[in-house]
Amino acid sequence: MQPQQATGRRQFPYGIDDPAWAARHGFGGVPETGGGARGDGADARRTQQQPRTESGRRAAERQQRLTDAMFGSGRRELSTRTATGLVVTANSDGCLAQAQRVLYGDQARWFRTEVAVNNLEAAARHRVTQDPAYRAVLARWARCVAPVHKAEDPAGLRSVWQRRARDLDRRQASDLQQRYAVAEARCVRRTDLAGTGTRLEKRHAAELRAEYTDQIADHRRMREHGLRYAVQHGL
């Protein structure tokens, strides 16, 4: 069975593998429905559509100044690419950048290693989805779930539900969510999709740790330097 956070919120990175949980919670989300009783956020939407008041405009400006002071403003001077190819950028000015320079000595270097290390888990899961062994099991899952609705993967099944839920009232959308979620879970359990994903993730995570050994070590050294500095200066 897949990981569970300390809060009790379940995580299913490779599809729900617990039919009983799916029967109780569906996909774990609330649908956007088209029908049903009011009191479902319509008043809030109407309020948001009204012209912004002068006090609201000033509050937004204050919030923007606070954001600029904390995270910097203008062109983002720092840029790096994650193991999945995502480009992440940041400013070299602002309170956060100054604090990073004080704690770690080199903000640009800290930024690069922090982004690299923090995205290794996502990179491992991305590699799993491209792994031929996972793709083969995923194809079996798709055939298993097809009698309920055609979908290439669990994310695709959820997208189908979300689209259909817009034309349903809340009760109908909830019933459909439960039906699809239970079908997903039964087929994940039947094909061992989640177990395959978890086993492959361990292998790909180990490979990534080997590939990023220098960045991981550098990140650890800088983090320890920052902790020592904070303790020495009573921060």
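Residues numbered from 1 in each chain as written. Predicted model: local features only at pLDDT ≥ 70, side-chain atom pairs only at ≥ 80, totals over all residues. Heavy atoms only, no water.

Participant: How do you make sense of the nonpolar core when you look at a structure like this?
Facilitator: Soluble globular proteins tend to bury their nonpolar side chains together. With 31 residues, the main nonpolar core has Ile16, Phe27, Tyr134, Trp141, Leu157, Tyr180 and Leu193 as its most contacted residues. Counting residues per element, the ones that place at least two in this core are helix H1 (19–25), helix H7 (132–145), helix H8 (154–165), helix H9 (170–191) and helix H10 (193–211). It is H9 that contributes the most residues to this core, nine residues altogether. If near-sequence neighbours (up to four positions away) are discounted, phenylalanine 27 is found in contact with Ile16, Trp21, Leu157, Arg158, Trp161, Gln177, Tyr180, Ala181 and Glu184. In terms of nonpolar packing, the next biggest core, distinct from the first, is built from eight residues, Leu120, Ala124, Tyr212 and Ile216 among them. (Core = buried A, V, L, I, M, F, W, Y, C linked by side-chain atoms within 4.5 Å. Buried < 20%, exposed > 50% of the residue type's maximum accessible area, 1.4 Å probe, protein only. Helix = DSSP H or I, 4+ residues; strand = E, 2+ residues; numbered from the N terminus. Contact = heavy atoms within 4.5 Å.)

Participant: How do you make sense of the packing of H7 against H10 when you look at a structure like this?
Facilitator: Between two packed helices, the angle of one axis relative to the other and the distance separating the axes together describe the packing. Where H7 meets H10, the closest approach of the two axes is 10 Å, and the angle between their N-to-C directions is 170°. Classified by the interaxial angle, the pair formed by H7 and H10 is roughly antiparallel. Each of Ala133, Tyr134, Val137, Leu138 and Trp141 in H7 lies in contact with H10, whose residues at this interface are Leu193, Thr196, Gly197 and Leu200. When the residues that make up the contact of H7 with H10 are grouped by side-chain class, the tally is seven nonpolar, two polar and no charged. (Axes fitted to C-alpha atoms, helices over the stretch in contact; angles between N-to-C directions. Parallel < 35°, antiparallel > 145°, perpendicular 65-115°, else oblique. Nonpolar A, V, L, I, M, F, W, Y, C, P; charged D, E, K, R; others polar.)

Participant: Please clarify how unusual backbone geometry should be interpreted in this entry.
Facilitator: Both trends apply: most residues other than glycine have a negative phi, and most peptide bonds are in trans. Although it is not a glycine, aspartate 192 adopts a positive phi angle of roughly 60°. Here aspartate 192 is to be found in the loop between H9 and H10. We classify aspartate 192 as partly exposed; its relative accessible area is 31%.

Participant: So what exactly am I meant to see when it comes to the pattern of salt bridges here?
Facilitator: Two side chains of opposite charge can pair, provided their charged atoms sit close to one another. Here the structure, examined in full by the defined rule, presents 14 salt bridges. Between aspartate 131 and arginine 203 there is a salt bridge whose closest N-O contact spans 2.8 Å. Highlighted residues: aspartate 131 in the loop between helix H6 (120–130) and H7 and arginine 203 in helix H10, separated in sequence by 72 residues. The class of aspartate 131 is buried, set by a relative accessible area of 8%. Across the salt bridge formed by aspartate 175 and arginine 171, the nearest N and O atoms sit 3.5 Å from each other. (Salt bridge = Lys/Arg side-chain N within 4 Å of Asp/Glu carboxyl O.)

Participant: So what exactly am I meant to see when it comes to the state of the cysteines here?
Facilitator: What we call a disulfide is simply a covalent bond connecting the sulfur atoms of a pair of cysteines. Tallied over the entire structure, the rule returns one disulfide. Between the sulfur of cysteine 144 and that of cysteine 187 lies a disulfide, 2.1 Å long from S to S. The chirality of the disulfide connecting cysteine 144 with cysteine 187 is left-handed, given an S-S dihedral of about -80°. Taken together, the positions of cysteine 144 in helix H7 and cysteine 187 in helix H9 put the pair 43 residues apart, joining distant regions of the chain. Residue classification places cysteine 187 among the buried positions, given a relative accessible area of 5%. (Disulfide = S-S within 2.5 Å.)

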